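# Summary of structural features
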Amino acid sequence: LPGAGMAQPLLFLSHLDVAPIRSPESWELPPFSGEIRDGFVYGRGTADMKGHLIALLTAAESLLEGGVRPRADLYFAFSCDEEVRGGSMQSICRLLMASNVKPAFVLDEGGSVTTLQALTQKPTALVGVGEKGRMCFTLTAEGEGSVEALLHAAERLLRMRFVPRICQATEQMLSGLSGEMTGYGRFCAAHPRLMRQPLLRKLDSTHYGRALTRTQLMISAMGGDVLRGEGASITFQASILPGDSADGLLRRVERVISDTRILVTVKQMDEASVVSPIQGTAWEALTTAIHVHFPGMPIAPYLLTGASDARRMEPICPYIYRFSPFVLPPEELAKMHHPNERISIENLLRGTAFFRQMLMA
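Just so you know, the residues in each chain are numbered from 1, in the order the chain's sequence is written. Only residues with pLDDT of at least 70 get local features here, since the model is predicted, and only at 80 or more are side-chain atom pairs given and counted; chain-wide, interface and lining totals rely on the full set of residues. Excluding hydrogens and water, the side-chain figures rest on all heavy atoms present in the structure.

How two aromatic rings sit relative to each other is given by the distance of their centres and the angle of their planes. Any pair of Phe, Tyr and Trp rings, taking the six-membered ring for Trp, is counted once the centres come within 6.5 Å. Such a pair is stacked with planes under 30 degrees apart, edge-to-face with planes over 60 apart, and tilted for the rest. Scanning the entire structure with this criterion turns up eight aromatic pairs. The interplanar angle of 55° and the centroid separation of 5.5 Å between the aromatic rings of Trp283 and Tyr321 together place this pair among those described as tilted. Placement of the pair is Trp283 in helix H9 (residues 281-293) and Tyr321 in strand E13 (residues 320-322), with a sequence separation of 38 residues. Each member of the pair, Trp283 as well as Tyr321, is classed as buried. Considering the side-chain rings of Phe323 and Phe354, the 5.7 Å spacing of their centres and the 55° angle between planes classify their relative orientation as tilted. With a gap of 31 residues between them, Phe323 in the loop between E13 and helix H10 (330-333) and Phe354 in helix H11 (residues 345-359) connect regions that are remote in the sequence. The class for Phe354 is buried, based on a relative accessible area of 0%. Taken together, the ring pairs in this structure connect Phe12, Phe76, Phe78 and Phe105 into an aromatic cluster. Think of it as a cone above the ring: NZ of Lys or CZ of Arg counts as a charge over the ring if it is within 6 Å of the ring centre and within 35 degrees of the ring normal. The lysine or arginine in question, Arg252, covers the ring of Phe162, its NZ or CZ lying 4.9 Å from the ring centre. In this text, helices come from DSSP runs of H or I with a minimum length of four residues, and strands from runs of E with a minimum of two, each type numbered from the N-terminal end. Throughout this description, buried means an accessible area under 20% of the type-specific maximum (1.4 Å probe, protein chains only), exposed means over 50%, and partly exposed covers the range between.

In structure tokens form, the structure reads like this:
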């Protein structure tokens, strides 16, 4: 969307694909109906991330309808394969590089206004400034004893231990949250390096806290039917803490297995992202919009424990932020990728106003 050329271009990301429906019978309303009930739009992808997409495009259309010309050229990049870690956003990045597009910031999904129950009961606007790395690999074996060999290998891998650590993005998050905490917890959060051990013990008490502080490895699928002559297989997923290496993890996996009968096939491997700055004009534009549309809401940077398309834009921009302008309590976040996913009309209206301001940044 051409602007007045008075500033660097801005880049807004989204994705068009959704997670699959595994149990339609578990839905209160048809999962692709978009039906509205009690102030919510129900359907797969409403929160991840059709709501974000529609609010963004509605804001852009409102500028066009009003004859408003933004200061900067606006770029919209929507991938079709984010849920399966596809390459369409990388292709878009290559197109932008070829056109010498260097955005002032990139805004994608990844954070929202929610409660980090591991640390505080107060809602916070969490802005993703980085992501854990990802790796998916499959162990396969054929022939006599293959199943036993695979199971022994999987057992050894699941016994692997990873050193817990408070990385840069989590340090920044703790500092940002400290003002909303009290007493000893507030002191610890304000001094994460000094109080590393108490903080690690606190974070270790929840699933999300453990995801923030360590590389994790888990089985995601098992397959094969030996009686039918099919090779047995076990697929693992790993989320890799910044500072650890996906390549290093793969070498460790191969050393731990140490069995020539087992083939390790890597299906996907991404190192952890860089951590974006929490100062400068891009950060100020984003935090100003949050303050306007979520008055009084504290803001904290944080580490995205999942994965988004945002990291694909690292070659063209260091200012990459992950935030959807929605209030999503833990019970709403839990519906993403699960039955009865929904987004409130109030969120969509506020999100549209938020994006209108960001488009004019």
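Okay, back to it.
What follows covers the sheet that holds strand E9 (residues 216-223). On the basis of which strands lie adjacent, the open sheet formed by four strands has the order E9-E10-E8-E11 and antiparallel pairing. Each edge of the open sheet is held by one strand with a lone partner, namely E9 and strand E11 (263-270). Each strand of the sheet is rotated relative to its neighbour by a mean of 20°, with strand direction disregarded. Pairing between strands is defined by DSSP: at least two bridges between them are needed. Summarising the sheet, E9 and strand E10 (residues 232-240) pair through seven bridges and their orientation is antiparallel. The residue bridging Ile219 from the neighbouring strand is Phe236, located in E10. Sheet strands touched by helix H3 (residues 146-158): strand E8 (133-141), E9 and E10. Its angle to E10, the strand with the most contacts, is close to 15°. On top of the sheet, helix H8 (residues 246-257) reaches E8, E10 and E11; it is set at about 165° to E11, its chief contact. Lines fitted to C-alpha atoms define the axes here, with helix axes fitted over just the stretch in contact, and angles between the N-to-C directions of these axes take values from 0 to 180 degrees. The contact criterion used is simple: two residues touch if any of their non-hydrogen atoms lie within 4.5 Å.

For the rest of this paragraph, the subject is a nonpolar patch on the surface. Each patch is assembled from residues with relative accessible area greater than 30% and no salt bridge, linking like charges that lie within 9 Å and nonpolar side chains (Val, Leu, Ile, Met, Phe, Trp, Tyr) that lie within 5 Å. Each accessible area is a Shrake-Rupley result for a 1.4 Å probe, and residues are judged covered by the shown protein chains and nothing else. We define a salt bridge as a side-chain nitrogen of Lys or Arg found within 4 Å of a carboxyl oxygen belonging to Asp or Glu. A grouping of Val147, Leu151, Leu158, Ile219 and Met222 is seen on the molecular surface, where their side chains present a nonpolar patch of about 430 Å² in accessible area. The biggest single contributor to the nonpolar patch is H3, with three residues. For Met222, the location among the structural elements is in strand E9. Look at Met222 and you get exposed, because its relative accessible area is 60%.

This paragraph deals with the packing of H3 against H8. Two quantities define a packed helix pair, namely the angle between the axes and the distance from one axis to the other. Taken N-terminus to C-terminus, the directions of H3 and H8 make an angle of 130°; their axes are 9 Å apart at the nearest point. As far as their axial angle goes, H8 and H3 are oblique. Crossing hand, H3 versus H8: right-handed. Of H8, the residues touching H3 (which contributes Ala153, Arg156 and Leu157) are Val253, Val256 and Ile257. Under this scheme an angle from 65 to 115 degrees is roughly perpendicular, one under 35 degrees roughly parallel, and one over 145 degrees roughly antiparallel; angles in between are oblique. The handedness criterion is simple: a crossing whose near helix is rotated anticlockwise from the far helix by less than a right angle is left-handed, and one whose near helix is rotated clockwise is right-handed.

Orientation of helix H4 (residues 168-178) relative to helix H5 (residues 183-190), taken along the N-to-C sense of each, is 140°, at an axis distance of 7 Å. It follows that H4 is oblique to H5 by the angle criterion. For the pair H4 and H5, the sense of crossing is left-handed. Counting all contacts with H4, which are made through Leu174, Ser175 and Ser178, the residues of H5 involved are Arg186, Ala189 and Ala190. Residues are sorted three ways: Asp, Glu, Lys and Arg are charged, Ala, Val, Leu, Ile, Met, Phe, Trp, Tyr, Cys and Pro are nonpolar, and all the rest, Gly among them, are polar. Taken together, the residues of the contact of H4 with H5 sort by class into three nonpolar, two polar and one charged.

Attention shifts here to the sheet that holds strand E2 (residues 36-37). Spatial strand order, E2-E3-E14: three strands in an open sheet with antiparallel pairing. Edge strands, defined here as strands with exactly one partner in the open sheet, are E2 and strand E14 (342-344). As paired strands, E2 and strand E3 (residues 40-42) are joined by two bridges and run antiparallel to one another. Within E3, the residue paired with Arg37 across the bridge is Phe40. Relative to the sheet, H11 contacts E2, E3 and E14, its axis offset from that of E14 by approximately 65°.

To find leftover empty space, one rolls a probe the size of a water molecule over the atoms. Only protein atoms enter the 1 Å grid used here. Points where a 1.4 Å probe fits but cannot escape make up a cavity, open sets with protein on both sides within 12 Å along at least five of seven lines make up a pocket, and a residue lines them when an atom lies within 4 Å of a point. Grid points are joined across faces, edges and corners, and a volume is the space filled by probe spheres set on the points. Evaluation of the coordinates by the stated rule reveals one cavity of 30 Å³ or more. Quantified by volume, the largest cavity comes out at close to 60 Å³. Taken together, Glu82, Arg85, Gly86, Asp270, Ala307, Ser308, Asp309, Arg311 and Arg312 form the lining of the largest cavity. Partitioned by chemical class, the residues of the lining of the largest cavity number one nonpolar, two polar and six charged.

Within this model, the second largest pocket holds a volume of roughly 190 Å³. Together, Leu157, Leu158, Met160, Arg161, Phe162, Arg214, Thr215, Gln216, Leu217 and Met218 line the second largest pocket. Per-element tally for the lining of the second largest pocket: the top contributor is E9, with three residues. Here the lining of the second largest pocket is composed, by residue class, of six nonpolar, two polar and two charged.

The analysis is restricted to geometry; functional conclusions fall outside its scope.
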